[in-house]
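Given next are the chains, with one letter for each unit.
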Amino acid sequence: ASQLTGATVLGGSLSVSGLSYFSSNVGMGTNAPNATLHIEDTFRSGSNTGKRFIFGTDTYGIKIENGTNTGYSPTIIGTAYDSNDTGLFLIGTISAAATAVQIDGRLSNGTLTSGNILRITNFDSDRVVVRSDGNVGIGSSTPGTLLDVNGTTRLSSTLSVGGASQLTGAAVLGSSLSVSGITV
């Protein structure tokens, strides 16, 4: 068995077979790793420098970072090759009453964003948008109310309206309408 101790920088390639153990941080593309696994793409030229993948810091389990340049969005891609598969699963497992998955949209300096927190798209066409003010758009990329639906909507159960309502355009009722106990 071979053993390397202290800080070791390899300028060529390293081939390891079998079980390997590293007792401290491992860096690829950096000789000063600040996490369990720190991969930094600093060797490319042009606008794609500074991308980082960091695993095992005190703050983040996994952190994917753009670095200093624009035009690159950290991306996680899952590919399914069968109609029974799913391209990407995001699963949060909890052992008590807590939040399983949280999406937190904020600016890089930690302040609130005034834009979209979440966009669900199909080939960059917005399907669902959640804005920082809490407005949700379905079929609308700029929701102006708490729930803004653009398109035909089907409610298959009860619709309860607690305040004043406004109906513009035609309405088709398949059954009866009850207003303050009076059935129409």
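Participant: Help me get a handle on the sheet that holds strand S7 (residues 136-138), residues and values and all.
Facilitator: If you trace the 4 strands from one edge of the open sheet to the other, you get S5-S6-S7-S8, paired in mixed fashion. The open sheet is flanked by strand S5 (116-122) and strand S8 (147-149), the only strands paired with a single partner. Taking each pair of neighbouring strands and ignoring which way they run, the sheet shows an average axis angle of 15°. Of the strand pairs in this sheet, S7 and S8 are connected by 3 bridges, and their pairing is parallel. When the sheet's bridge partners are listed, Ile138 is paired in S8 with Val149.

Participant: Provide a residue-level description of the side chain of Asn135, including the pertinent values.
Facilitator: Among the structural elements, Asn135 can be located in the loop between strand S6 (125-131) and S7. With relative accessibility at 11%, the residue Asn135 sits in the buried group. When near neighbours in sequence (up to four residues on either side) are disregarded, Asn135 contacts Val129, Val130, Pro143, Gly144, Thr145 and Leu146.

Participant: Can you tell me about the pairing of S6, naming the residues and giving the values?
Facilitator: With 6 bridges joining them, S5 and S6 adopt antiparallel strand pairing. What sits directly across from Ile120, in S6, is Val128. Hairpin geometry of S5 and S6 is characterised by an intervening segment of 2 residues between the two adjacent antiparallel strands and by a positive phi of about 50° at Phe123. In sequence, S6 turns back onto S7 through a hairpin of 4 residues, with Gly134 there showing a positive phi of about 95°.

Participant: Would you mind going over a nonpolar patch on the surface in detail, with residue names and values included?
Facilitator: The grouping of Phe55, Ile62, Ile64, Ile76 and Leu88 at the surface amounts to a nonpolar patch, some 470 Å² of accessible area in total. On the secondary structure map, Leu88 appears in the loop between strand S4 (62-65) and S5. On the basis of relative accessibility, which here comes to 48%, the residue Leu88 falls in the partly exposed class.

Participant: Run through the pattern of salt bridges, naming residues and quoting values.
Facilitator: According to the stated counting rule, one finds 1 salt bridge in the structure shown. The salt bridge partner of Arg119 is Asp126, with a shortest N-O separation of 2.7 Å.

Participant: Go over the environment of Gly6, please, and point to the residues and values.
Facilitator: With respect to the helices, strands and loops of the structure, Gly6 is situated in the segment before strand S1 (26-28). A relative accessible area of 68% places Gly6 in the exposed class. Considering only alpha carbons, one finds Gly6 and Ser24, 18 residues apart in sequence, at a separation of 9.5 Å.

Participant: Before we move on, can you summarise the confidence of the model for the protein chain with the specific residues and values?
Facilitator: Interpreting fine coordinate detail is not advised for predicted regions of low pLDDT. On average, residues of the protein chain carry a pLDDT of 77, and 84% of them reach 70 or more. When the elements of the protein chain are averaged for pLDDT, strand S10 (residues 182-183) gives the smallest value, 64, and S7 the largest, 95.

The rules behind each value
- Residues numbered from 1 in each chain as written.
- Predicted model: local features only at pLDDT ≥ 70, side-chain atom pairs only at ≥ 80, totals over all residues.
- Heavy atoms only, no water.
- Pairing = 2+ DSSP bridges.
- Helix = DSSP H or I, 4+ residues; strand = E, 2+ residues; numbered from the N terminus.
- Axes fitted to C-alpha atoms, helices over the stretch in contact; angles between N-to-C directions.
- Buried < 20%, exposed > 50% of the residue type's maximum accessible area, 1.4 Å probe, protein only.
- Contact = heavy atoms within 4.5 Å.
- Patch = residues over 30% accessible without salt bridge, like charges linked within 9 Å, V, L, I, M, F, W, Y side chains within 5 Å.
- Areas by Shrake-Rupley, 256 points an atom, 1.4 Å probe, with all protein chains shown as cover.
- Salt bridge = Lys/Arg side-chain N within 4 Å of Asp/Glu carboxyl O.
- pLDDT = per-residue confidence, 0-100.

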